[in-house]
Amino acid sequence: RAALVHKNIEKSFNDAGFLTHDLKLLFVTVDVDKSGEVTFDELSDGLVKMKKAMYGMERCVAFLRKTFEENDKDGSGSLSKKEALALLMNPVVQAKLGQMNVPVDDLNDVWNAIDAQDLDDVEGVTAEEMLAGLLSIRMENSASARAINFMRQVFKLADVKGDNSNTMSREEVEEHFTTERVTHKLESLKLSTPDWLGIFDVLDFNGDGQLTWEELSGGLRATWTAVQEGKVRAAFDDPQAGEQSAGDEAS
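If you're wondering where the values come from, they're calculated on a predicted model, not measured in any experiment.

Considering the overall build of the chain
Line of reasoning, step 1. Across its full length, the chain carries 14 helices and 2 strands.
Line of reasoning, step 2. Taken across its 251 residues, the chain has 39% of its residues classed as buried.
Line of reasoning, step 3. Counted over contacts in the chain with a minimum sequence separation of 6, partners at least 24 positions apart contribute 63%.
Line of reasoning, step 4. Carbon together with sulfur atoms contributes 54% to the accessible area of the chain, which is approximately 14,100 Å² in total.

A few points about the confidence of the model for the chain
Line of reasoning, step 1. Scored by pLDDT, the chain comes out at a mean of 78, with 68% of its residues at no less than 70.
Line of reasoning, step 2. Under a pLDDT of 50 for its full length, residues 1-6 has, in the predicted model, 12 contacts with residues more than four places off or in other chains.

Observations concerning the pattern of salt bridges
Side chains bearing opposite charge may pair, as long as their charged atoms lie close to each other.
Line of reasoning, step 1. This structure, assessed with the given rule, holds 8 salt bridges.
Line of reasoning, step 2. Here Arg 65 ties to Glu 128 by a salt bridge, and the two come within 3.1 Å at their closest N and O atoms. Of the two residues, Arg 65 sits in helix 4 (residues 58-71) while Glu 128 sits in helix 8 (residues 127-139), which places them 63 residues apart along the sequence.
Line of reasoning, step 3. With a relative accessible area of 12%, Glu 128 lands in the buried category.
Line of reasoning, step 4. Asp 201 is the partner of Arg 170 in a salt bridge, and the nearest nitrogen-oxygen pair spans 2.9 Å. One end of the pair, Arg 170, is in helix 10 (residues 170-177); the other, Asp 201, is in helix 12 (residues 196-203), and 31 residues separate them in sequence.
Line of reasoning, step 5. By relative accessible area, which is 31% here, Arg 170 ends up partly exposed.
Line of reasoning, step 6. Salt bridges sharing common partners tie together Asp 106, Asp 109, Arg 146 and Lys 185.

Regarding unusual backbone geometry
Line of reasoning, step 1. Its identity as a non-glycine residue notwithstanding, Asn 101 has a phi of 60 degrees, on the positive side.
Line of reasoning, step 2. Within the element layout of this structure, Asn 101 appears in the loop between helix 6 (91-99) and helix 7 (107-115).
Line of reasoning, step 3. For Asn 101, a relative accessible area of 56% corresponds to the exposed category.
Line of reasoning, step 4. Positioned with a positive phi, Lys 190 is a non-glycine residue whose angle comes to about 60 degrees.
Line of reasoning, step 5. Here Lys 190 is to be found in the loop between helix 11 (180-188) and helix 12.

Conventions used here
Residues numbered from 1 in each chain as written. Predicted model: local features only at pLDDT ≥ 70, side-chain atom pairs only at ≥ 80, totals over all residues. Heavy atoms only, no water. Helix = DSSP H or I, 4+ residues; strand = E, 2+ residues; numbered from the N terminus. Buried < 20%, exposed > 50% of the residue type's maximum accessible area, 1.4 Å probe, protein only. Contact = heavy atoms within 4.5 Å. Areas by Shrake-Rupley, 256 points an atom, 1.4 Å probe, with all protein chains shown as cover. pLDDT = per-residue confidence, 0-100. Salt bridge = Lys/Arg side-chain N within 4 Å of Asp/Glu carboxyl O.

Here you go:
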């Protein structure tokens, strides 16, 4: 991350149309695994995606930065969930988000996307994390993306109630993932409920009985992607079935 703010590199990015604030936002956006480091390929891919996502949105982003600062009453540089949701409920802010094609019909989904960008796991989000979350919705607002963000919240809550190890055991997965709340959310997103324990067993490569969020989210993403690809293949093999599936999703 420090390399991005090196004077010469910063100038090159500025020449390409990225402001200093945008460099911090870029890093948060492309650091998918939140390791604090990005590869050249991740940076290159992130530049293209962010440039596309930011196109024509400069004034909206500037407005959101200013609004964030105004709502940061204690000057801590971060907002709590309550403060962030209050900001997002502002009618003017919602109008700006509408211009960005960020739906606000479910503010919890918006918060989940924002919180998914949290780099330090410290309570609250920074302006960069908030904007990265909003841009992630603009770039991809698929059902699977929303589900993964939701499941991260379930994972975090379960970990807090447990041992704060940033991992989950098989027993914890069974306790917290097989609830009606989780099933209802996935059904509302028209996603199949995975075999949670089966996924755990497959992903527990070293047999230590623990999974990190990175391991679990990767397995969920692969599972739902495979299901979606299967539906697409079925639609090509049987166009009528594809039309029926599309009708079901629209209803």
